[in-house]
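Listed here are the chains, written in short residue letters.
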Amino acid sequence: MSSLIALGSGGAATVATFYLYVGVRGKNKIDVKPENVPYWSYAIGLLASNAGAAFQQLPSIAVQFNQAFENNGAVGEWKPGATAAVATIAVFGLKQRAWKDALLGAISPSLFLYAGGLWAIPGTFITGILASFVG
């Protein structure tokens, strides 16, 4: 056994996604508070970056989200760090909505790594910790 829980990244991403889905509904024994949705979905995004084909769309969504701004001549020069900042402000600055927070939280790890620099530090640090637990 190479990890503490031995789920694998795909298994852990599936378990976390199911837990978030069940918990957000709030009609079961598991209850995920709306303010915790971004953190759950961020962890799902980190796990998805190492998971199989079922989760590989999340990183590509992050790149496409950034390219929507970069390829728009009306906004001028646009870098991935600006997209990461907009996503972060949208998650923590706007009213809590499970769908918005889950989507932006899940693509944020890939978006932050794409932006590089200081944005990449949380993802690389937390990925190392998660890898040691889930394998």
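Now for a quick tour of the structure. (Residues numbered from 1 in each chain as written. Predicted model: local features only at pLDDT ≥ 70, side-chain atom pairs only at ≥ 80, totals over all residues. Heavy atoms only, no water.)

1. A closer look at the nonpolar core
In step 1: Ranked by size, the top nonpolar core spans 19 residues in total, and within it Phe55, Leu58, Leu104, Ile107 and Leu111 carry the most contacts.
In step 2: By residue number, the principal contributor to this core is helix α5 (residues 98-115), which donates 5 residues. (Core = buried A, V, L, I, M, F, W, Y, C linked by side-chain atoms within 4.5 Å. Buried < 20%, exposed > 50% of the residue type's maximum accessible area, 1.4 Å probe, protein only. Helix = DSSP H or I, 4+ residues; strand = E, 2+ residues; numbered from the N terminus.)

2. With respect to helix α1 (residues 9-25)
Think of an α-helix as 3.6 residues a turn; residues three or four steps apart then line up on the same face.
In step 1: Across its 17 residues, α1 extends 24 Å between first and last C-alpha, which sits within 8% of the 24 Å expected from 1.5 Å per residue.
In step 2: Two residues or fewer past α1, Gly26 is found with a positive phi of approximately 70°. (Expected span 1.5 Å × (residues − 1).)

3. Focus on α5
In step 1: With 18 residues, α5 extends 25 Å from end C-alpha to end C-alpha; this agrees with the ideal 26 Å at 1.5 Å per step.
In step 2: The sharpest bend along α5 comes to roughly 45°, located at Ser108, with the proline Pro109 sitting one to four residues further on.
In step 3: Listed in full, the buried residues belonging to α5 are Lys100, Asp101, Leu104, Gly105, Ala106, Ile107, Ser108, Pro109, Ser110, Leu111 and Phe112.
In step 4: Gly116 sits one or two positions beyond α5 and adopts a positive phi of about 75°. (Bend = angle between axes of the 7 residues up to and from the residue.)

4. Things to note about the packing of aromatic side chains
How two aromatic rings sit relative to each other is given by the distance of their centres and the angle of their planes.
In step 1: Counted by the stated rule, this structure contains 6 aromatic pairs.
In step 2: Measuring from ring centre to ring centre gives 5.5 Å for Phe65 and Phe69, while their planes differ by 85°; the resulting arrangement is edge-to-face. Of the two residues, Phe65 and Phe69 are both situated in helix α3 (residues 57-70); the distance of 4 residues between them amounts to about one turn of the helix.
In step 3: Accessibility expressed as a relative area gives 23% for Phe69, which makes it partly exposed.
In step 4: An aromatic cluster is defined as three or more aromatic residues linked by ring pairs; in this entry it consists of Tyr42, Phe112 and Trp119. (Phe/Tyr/Trp six-rings, centres within 6.5 Å; stacked < 30°, edge-to-face > 60°.)

5. With respect to the packing of α3 against helix α4 (residues 80-93)
In step 1: Between α3 and α4, whose axes approach to 9 Å, the crossing angle comes to 110°. Compared by their axis directions, α3 and α4 come out roughly perpendicular. Seen from above, α3 lies across α4 with right-handed handedness. Where α3 approaches α4, its residues Phe65, Asn66, Phe69 and Glu70 are matched on the opposing element by Pro80, Thr83 and Ala87.
In step 2: Of the residues belonging to the contact of α3 with α4, the class tally is 4 nonpolar, 2 polar and 1 charged. (Axes fitted to C-alpha atoms, helices over the stretch in contact; angles between N-to-C directions. Parallel < 35°, antiparallel > 145°, perpendicular 65-115°, else oblique. Left-handed = near helix turned anticlockwise from the far one by under 90°. Contact = heavy atoms within 4.5 Å. Nonpolar A, V, L, I, M, F, W, Y, C, P; charged D, E, K, R; others polar.)

6. Some words on the environment of Asn36
In step 1: With respect to the secondary-structure elements, Asn36 resides in the loop between α1 and α2 (37-48).
In step 2: For Asn36, a relative accessible area of 33% gives the class partly exposed.
In step 3: The spatial distance from the C-alpha of Asn36 to the C-alpha of Ser110 is 19 Å, given a sequence separation of 74 residues.

The values are spatial; any link to function lies outside them.
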